[in-house]
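Architecture and fold: a report
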Amino acid sequence: MKFIIKLHPEITIKSKSVRQRMSKILQSNIRNVLKPLDENIKIRSDWDKLIVRTNIFTESHRLALIESLACIPGIQSFLEVIEHKVESLDEILTLTQEMFGDQLAGKTFCVRAKRRGQQSFSSLDVERYVGGGLNQRCDTGGVKLKKPDIQINLELDGERLYLISQQHAGLGGYPIATQESVLSLMSGGYDSGVSSYQFIKRGSRVHYCFFNLGGAEHEAGVREVVYYLWKKFGSSHRVKFISVPFEEVVGEILEKVDNGHMGVVLKRMMMRAGAAVAEKLAINALVTGESMGQVSSQTVTNLNVIDRVTDTLILRPLIAADKQDIIDIARQIGTAAYAEKMPEYCGVISQSPTIKAKLGKVEHEETNFDFAVLDTAIQAAFVEDVRKLEQKWELPEVEFSQGEDLAEVILDIRSPEEEEEAPLSVPGHKVVTMPFFKLSSQFTELDPGKTYLLYCARGVMSRLQAIHLKEQGFDNVKVYKP
Ligand SMILES: Nc1ncnc2c1ncn2[C@@H]1O[C@H](COP(=O)(O)OP(=O)(O)OP(=O)(O)O)[C@@H](O)[C@H]1O
């Protein structure tokens, strides 16, 4: 079985040396992706195309190769070539008729043949014999040499006949690693999945950075979608997944920053941390899924204030894209299913977020922020090889309780503002307040002999925090659901 790989047109218009370099990289990328399917796969370069050849002839193998080739950046399209051993012109005619006969009804056509090696006939003989034979045997619209409805391409190499059976669309773009690497800030929603994909397709090696704002389930979801994206489109290269524990940073913002500015400040903290991680990995750009006007932090004014925080280039491929178009791409590439069930977690939700942040005011708000907290988070960033993400995160089960057992202590984990607005009192129960961002540092100070029922208004954060605590080995936690 053989495939002819056509390079993306943007590659073919490059100068000879650039085209050769890109073609070489593509050849190596294809080898990296297909090798696990076929140890002995052969790939050779031929001017403006690559030839992939396998000696495994099963249908499942054919389908697996097609699926993989369709997801490798840099390929415009690929032709599937069927190979036969032939000895005579009549055999060539019969095999060509078997493959194309049905398509020729009422259509004009011509036959083009290319020949290499020793045969007793010329290319012209083949074109005439096969063209004339097909015209007699099939109910065609006649032979037409210029602009026919169908052109049948035959290739002969010694006693081998190659017939092109199907053309498949490729992904387009540039081969991975022909462009510089980027660090994609990945929250797992529709947007960051699509923006990451666009950079993979454009030839970047995309590494992923996730800020864990306190939700273990969110991280589990992000790990899944990152692994999916990498495996499907980027597996020719190894990349890194970096998880930065941002819980304390969120806590510091909630405590020290004015409510309306919390969103912009959180994004600035993410950019600071993202830039520091990128620098450690020698990466020159961050990628986000931000899109103008989508949420309050994504106005031009606010994005400008966010960008002032770092010299690192921040790329936003979706800045002018419509949400529906982003969702359509997410469906097409397969990340939508992950985005739909992503338990996104954000403890920083301003009641009336500013859409016109002033740099001076934001900088002033940040003077209250303890930057040691951010430094600690950056130091604690956990870097993994993306292949490790194949292993699914098994999250511990959490129990719910309506508070029947009065010995159980209710732990109100809402933010201080929420708690102040609507204090919780449960008759017969001791209620302890401990905002969620203090849990990781203060939970250990509680009496380990007691069971704690975590409470928040919607039951989402309490569940996520309970999972988080259980993961750290605390079994004395449940979720309070009155
Ligand atoms: N927890 C996070 N970790 C890493 N990056 C994040 C995180 N939260 C947001 N980002 C980055 O900021 C961008 C904007 O996030 P925001 O939450 O404002 O919008 P969004 O529409 O929810 O984005 P998405 O659809 O990608 O989740 C995201 O696309 C992503 O690049």
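Residues numbered from 1 in each chain as written. Predicted model: local features only at pLDDT ≥ 70, side-chain atom pairs only at ≥ 80, totals over all residues. Heavy atoms only, no water.

All told, the structure shown has 9 aromatic pairs when counted by the stated rule. With centroids separated by 5.0 Å and ring planes inclined at 70 degrees, the aromatic side chains of Phe443 and Phe474 adopt a geometry described as edge-to-face. Of this pair, Phe443 sits in the loop between α16 (439-442) and β18 (452-455) while Phe474 sits in the loop between α17 (460-471) and β19 (477-480); the two residues are 31 residues apart in sequence, bridging distant segments of the chain. By relative accessible area, Phe443 is classed as buried at 3%. Members of the aromatic cluster, connected to one another through ring pairs, are Phe443, Tyr452 and Phe474. (Phe/Tyr/Trp six-rings, centres within 6.5 Å; stacked < 30°, edge-to-face > 60°. Helix = DSSP H or I, 4+ residues; strand = E, 2+ residues; numbered from the N terminus. Buried < 20%, exposed > 50% of the residue type's maximum accessible area, 1.4 Å probe, protein only.)

When its domains are assigned, the chain resolves into domain 1 (2-169), domain 2 (182-390) and domain 3 (400-480). The gap between the C-alpha centroids of domain 1 and domain 2 is 44 Å. If you look at the interface, domain 1 gives 7 residues, while domain 2 gives 8 residues. At the boundary of domain 1 with domain 2, total buried surface from both sides reaches about 640 Å², with 49% on carbon and sulfur atoms. Run the count over domain 1 and domain 2 and you get 2 salt bridges. A salt bridge links Arg202 to Glu10, with the shortest nitrogen-to-oxygen separation between them at 2.9 Å. The interface formed by domain 1 and domain 2 contains 2 residue pairs in polar contact (both at pLDDT 80 or more). Ranked by residue count, the leading element in the side of domain 1 that touches domain 2 is helix α2 (residues 16-34), at 3 residues. (Domains from an automatic or database assignment. Contact = heavy atoms within 4.5 Å. Buried area = accessible area lost by both parts, 1.4 Å probe. Salt bridge = Lys/Arg side-chain N within 4 Å of Asp/Glu carboxyl O. Polar contact = N/O pair within 3.5 Å; in protein donor to acceptor, adjacent residues only side chain to side chain.)

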